[in-house]
Amino acid sequence: LNEQSTIIQPKPKQYISGESLSYLGKNYKLKVVVDNCDEVRLINGYIIFKLSKKATDQKIKNLLLKWYKNKALEKLTEKTNEYAKTMGLNVNSIFVKDYKARWGSCYPDKRISYNWRIIIAPHHIVDYVVFHELCHILHPNHSPSYWKSVETVCPDFSVHRKWLREHESELINYLII
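Since the model is a prediction, treat every value here as computed from it, not as a measurement.

Q: Explain helix H4 (residues 144-153) here, please?
A: Taken residue by residue, H4 has Tyr146, Trp147, Ser149 and Val150 as its buried positions. Down the axis of H4, the smallest arc covering the buried residues is 155 degrees, so these residues share one side. Opposite its buried face, H4 presents the exposed residues Pro144, Lys148 and Thr152, each directed more than 90 degrees away. On its buried face, H4 sits against helix H3 (123-138) and helix H5 (157-172).

Here is the structure:
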């Protein structure tokens, strides 16, 4: 609790041009453009908001949330399938959720869910979370043999776990919708 009390909470996003947004550990400048449609795209190092004149603050927030969730599902599905194949595992389905206190979950039927917010973290942290969940297919617990499996596919896992603990509040509170 003492450690968490010293964490500086991020300022609320204003969703204006020039503001910085994170995706896979990199910061991108936001560019707001008035257009006929409402959409978010990552183009040439910018996260571009195309907004109609009638776009409200809540609509902008919901649009960004949808974009992050779609990007998370896309990237996490890609990474999960790639690493599962390498590890000789099968995954039945992959989806994203809005967890407040976890980064992922592996179900007995080989479904894996992820916290969409992990997509804000750097690639190597996302990879660790994917490996962590895939190893639960082999070991549905956090036993010593489970952690040995994690270490086999992700030798620096303890560094990544520490990074997640240190940045958890920052990631969880990144976008308050």
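Q: I'm lost on the nonpolar core in this one. Help?
A: Across soluble globular proteins, you tend to see nonpolar side chains buried next to one another. If you look at the biggest cluster of nonpolar residues, it comprises 49 residues, and the most contacted ones within it are Phe49, Tyr68, Ile118 and Leu134. Among the elements that take part in this core, helix H2 (residues 57-87) stands out by supplying ten residues, more than any other.

Q: Got a minute to help me understand the packing of aromatic side chains in this structure?
A: Each pair of aromatic rings is reported with the distance of its centres and the angle of its planes. Tallied over the entire structure, the rule returns eight aromatic pairs. Aromatic pair Tyr23 and Tyr28: ring centres 6.5 Å apart, planes at 50 degrees, arrangement tilted. Centroid distance Trp147 to Phe157: 5.3 Å. Interplanar angle 20 degrees. Geometry classified as stacked. Of this pair, Trp147 sits in helix H4 while Phe157 is found in helix H5, placing the two residues ten residues apart along the sequence. Residue classification places Trp147 among the buried positions, given a relative accessible area of 17%. Given a relative accessible area of 13%, Phe157 falls into the buried group. Members of the aromatic cluster, each reached through a chain of ring pairs, are Tyr23, Tyr28, Trp67, Tyr68 and Trp116.

Q: Any chance you could explain the state of the cysteines here in plain terms?
A: Covalent bonding between the sulfur atoms of two cysteines defines a disulfide. If you walk through the whole model with that rule in mind, you get zero disulfides. Looking at the unpaired Cys154, the closest cysteine sulfur is the one in Cys135, lying at 8.7 Å. Assessed through its relative accessible area of 6%, Cys154 is described here as buried.

Q: Would you mind going over the sheet that holds strand S5 (residues 93-97) with me for this structure?
A: Working definition: the strands of a sheet are paired by backbone hydrogen bonds and lie parallel or antiparallel to each other. Read across the open sheet, the three strands follow the order S5-S7-S6; overall the sheet is mixed. Here the strands that pair on one side only, and so sit at the sheet edges, are S5 and strand S6 (104-106). Put simply, the sheet's adjacent strands are angled 15 degrees from each other on average, direction ignored. In terms of strand pairing, S6 meets strand S7 (residues 111-115) through three bridges, oriented antiparallel. Bridging across to S7, Cys106 finds its partner in Ile112.

Thresholds applied
Residues numbered from 1 in each chain as written. Predicted model: local features only at pLDDT ≥ 70, side-chain atom pairs only at ≥ 80, totals over all residues. Heavy atoms only, no water. Buried < 20%, exposed > 50% of the residue type's maximum accessible area, 1.4 Å probe, protein only. Helix = DSSP H or I, 4+ residues; strand = E, 2+ residues; numbered from the N terminus. Arc of directions from axis to C-beta. Contact = heavy atoms within 4.5 Å. Core = buried A, V, L, I, M, F, W, Y, C linked by side-chain atoms within 4.5 Å. Phe/Tyr/Trp six-rings, centres within 6.5 Å; stacked < 30°, edge-to-face > 60°. Disulfide = S-S within 2.5 Å. Pairing = 2+ DSSP bridges. Axes fitted to C-alpha atoms, helices over the stretch in contact; angles between N-to-C directions.

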